[in-house]
Amino acid sequence: MIRSKIAGMGFYVPANVVSNDELSKRVNTTDEWIKERTGISERRFFVPEEDTNFGMGVKAATIALDKAGLTPQDIDLIVYATLSPDYYFPGSGVLLQRAMPFRNIAAIDLRAQCSGFIYGLSVADQFIRSGMYKNILLVGAEIHSTGLDFSDAGRHVAVIFGDGAGAAVLSAIDTDAEKPEGILSTHLHSNGEFAEQLAIIYPASAKLDKFDSKNMEAGGGYFPVMNGSFVFKHAVTYMPEVVMEALNANGYTPADIDCLVPHQANARITAVVREKMGIAEEKVISNIHKYGNTTAASIPIAMCEALEQGKIKKGDLVCLTSFGSGFTWASALIRWV
Ligand code: COA
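Okay, so let's go over this structure. In this convention, every chain numbers its residues from 1, walking through the sequence in written order. Per-residue local features of the predicted model are confined to residues with pLDDT of at least 70, and side-chain atom pairs are confined, for both listing and counting, to 80 or more; whole-chain, interface and lining totals are unaffected and use all residues. Excluded from the side-chain calculation are hydrogens and water; included are all heavy atoms of the structure.

**Regarding the sheet that holds strand β1 (residues 2-12)**
One open sheet holds the five strands; their spatial order is β1-β7-β6-β4-β5, and the pairing between them is mixed. Unpaired on one side and paired on the other, β1 and β5 (106-110) mark the two borders of the sheet. Between one strand axis and the next, the sheet turns by 20° as a mean value, whatever way the strands run. Each pair of strands is called paired provided DSSP finds at least two bridges between the two strands. Each helix is a run of H or I in the DSSP string that is no shorter than four residues. Each strand is a run of E no shorter than two, and both are numbered from the N terminus. Summarising the sheet, strand β6 (residues 135-142) and strand β7 (residues 164-174) pair through eight bridges and their orientation is antiparallel. Note on β7: the bridge partner recorded for alanine 141 is alanine 165. Contacts are assigned to residue pairs with any non-hydrogen atoms lying within 4.5 Å of each other. Structural elements are reduced to axes, namely lines fitted to C-alpha atoms, with helices fitted over the stretch in contact, and the angle between N-to-C directions of any two is expressed from 0 to 180 degrees. Sitting on the sheet, helix α3 (residues 53-68) is in contact with β1, β4 (77-81), β6 and β7, with an inclination near 125° to β1. Strand contacts of helix α11 (residues 298-308): β1 and β7, with the helix running at about 90° to β1, the strand carrying the most contacts.

In structure tokens:
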């Protein structure tokens, strides 16, 4: 039976560390407020001369390929998840394709915000299961720092987000149908009813003034808006639900999970999810204190650190889960090989 495994992972975060105190010089906030409400101590903001969205993707992808023992020539497809692409079009996937010695393979840009990595994992997994491709590069990368509203109106959003990139190489494996290994299943959901509860509206193709510079200067529509408590309530409902969906689909219970890697949205969201599911704290990965919320990059960055720290090992049952703008939410269950 053909299944896919994660053969290698890598991440890159800009060297520029912005502590809460540093951020307080630009935003009317305090270290105490941010830590108490979100668990974040610092985040990375990119340095314009040094990084771009796809450039960070290249750095993460280079490490992931190296860990997988593959070269760009071995890759059959690029899946690139981001909500902050380098250009309005074309997508960042082709910029990454140009920057490394790939063949003329397809590059799919995927827009599922905080669920981008798991959605991308699912897309890559289906291509491998079908037998169409053998090795796929999945990247999640974001530059938030250039698009945040540092005024009082946007301070609840500005303190949350950070920049960074993560990458995974998925490869085909032949696994026992009775005791499958690798990616066991993925579960994807959306509900567009609440699209504007967490969104950046401009540039909007149906608005005549989509590139109006006055509108841009005023910030209207170009900055992220977020109904924080509304997002919070939905996240703590849907993340446990979609984890249970993955466990039920494979005949497992929360007690079987060796490592839960939730999207790093807010340390309080992670704590509620963990408590609701009765999973021990040491089995749940949390690194939001160092990087903030890096959207599509948050899960691969957290997985890389978990791997480095030995919290994900061969044979482990690893569960990924996300919730974010869309709303979108998702889970993946992996028997690590
Ligand atoms: N620093 C200081 N005070 C701030 C602030 C900041 N950065 N941001 C907001 N405040 C103030 C508000 O002005 C408000 O003051 P008031 O009571 O005098 O009116 C008060 O703090 C509460 O604001 P509110 O926006 O209601 O805060 P909250 O308790 O909902 O916390 C979040 C805000 C964003 C931390 C919280 O809603 C959250 O984490 N939501 C989930 C968001 C998320 O995870 N998004 C990503 C999903 S992928």
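**Comments concerning the packing of aromatic side chains**
How two aromatic rings sit relative to each other is set out by the distance from centre to centre and by the angle between their planes. Each pair of aromatic rings taken from Phe, Tyr and Trp, with Trp reduced to its six-membered ring, is defined by centres within 6.5 Å and is described as stacked if the planes are under 30 degrees apart, edge-to-face if over 60, and tilted in the remaining cases. Counted under the stated rule, the structure contains 10 aromatic pairs. An angle of 70° between the planes, with centres 6.3 Å apart, marks the rings of phenylalanine 11 and tyrosine 291 as edge-to-face. Placement of phenylalanine 11 in strand β1 and of tyrosine 291 in helix α10 (residues 288-291) is noted, with a sequence separation of 280 residues between them. Residue class for phenylalanine 11 comes out buried when judged on its relative accessible area of 17%. Exposure classes here rest on a 1.4 Å probe applied to the protein chains alone. A residue is buried below 20% of its type maximum, exposed above 50%, and partly exposed in between. With a relative accessible area of 6%, tyrosine 291 lands in the buried category. One aromatic cluster is present, built from ring pairs that chain together Phe194, Phe230, Tyr238, Phe323, Phe327 and Trp329. The cationic tip of arginine 26 hangs over the ring face of phenylalanine 150; the distance from NZ or CZ to the ring centre is 4.1 Å. As a reminder, the over-ring test applies to NZ of lysine and CZ of arginine, requiring each to be within 6 Å of the ring centre and within 35 degrees of the ring normal.

**What to know about the pairing of β1**
Buried residues dominate β1, accounting for eight of its 11 residues. When β1 meets β7, the two strands line up antiparallel, connected through 10 bridges. Following the sheet pairing, glycine 8 is matched in β7 by valine 169.

**Topic: the site of the ligand**
In the vicinity of the ligand, 23 residues are found, and the nearest of them are Thr29, Arg37, Arg155, Gly228 and Asn266. With respect to the ligand, the side chain of arginine 37 contributes an N or O atom lying 2.5 Å from an oxygen atom. In the model, an oxygen atom of the ligand is placed 3.0 Å from a nitrogen or oxygen of the arginine 155 side chain. All accessible areas in this document rest on Shrake-Rupley with a 1.4 Å probe, and a residue is counted as covered only by the protein chains that are shown. For the ligand, whose free accessible area comes to 960 Å², the fraction covered by protein is 70%. Elements represented by at least two residues in the shell around the ligand include exactly α2 (31-38), α6 (155-158), α8 (228-250) and β12 (317-324). Take the shell around the ligand: its biggest share by element is four residues, from α8. In this classification, Asp, Glu, Lys and Arg are treated as charged, Ala, Val, Leu, Ile, Met, Phe, Trp, Tyr, Cys and Pro as nonpolar, and every other residue, Gly included, as polar. Grouping the constituent residues of the shell around the ligand by class yields 11 nonpolar, 10 polar and two charged. Domain start and stop points were drawn from an automatic or database domain assignment. Of the domains in this structure, domain 1 (2-174) and domain 2 (182-335) are the two that each give at least three residues to the shell around the ligand. Nearness is judged by heavy atoms alone; a residue qualifies as near a molecule or strand once a single heavy atom is within 4 Å of it. The term polar contact refers here to a pair of N or O atoms within 3.5 Å; inside protein, the definition further demands a hydrogen-donor-capable atom paired with an acceptor-capable atom, and it admits residues adjacent in sequence only when both atoms are side-chain atoms.

**Details of unusual backbone geometry**
Cis geometry marks the peptide bond from phenylalanine 89 to proline 90; its omega dihedral reads -5°. Along the polypeptide, proline 90 turns up in the loop between β4 and α4 (92-99). Even without being a glycine, glutamine 113 presents a positive backbone phi close to 55°. Inspection of the secondary structure assignment puts glutamine 113 in the loop between β5 and α5 (116-129). The exposure class assigned to glutamine 113 is buried, which follows from its relative accessible area of 15%. The phi dihedral of threonine 295 falls on the positive side, at around 50°, and the residue is not glycine. Note that threonine 295 resides in the loop between α10 and α11.

Note that all results are geometric; they support no functional claim without further evidence.
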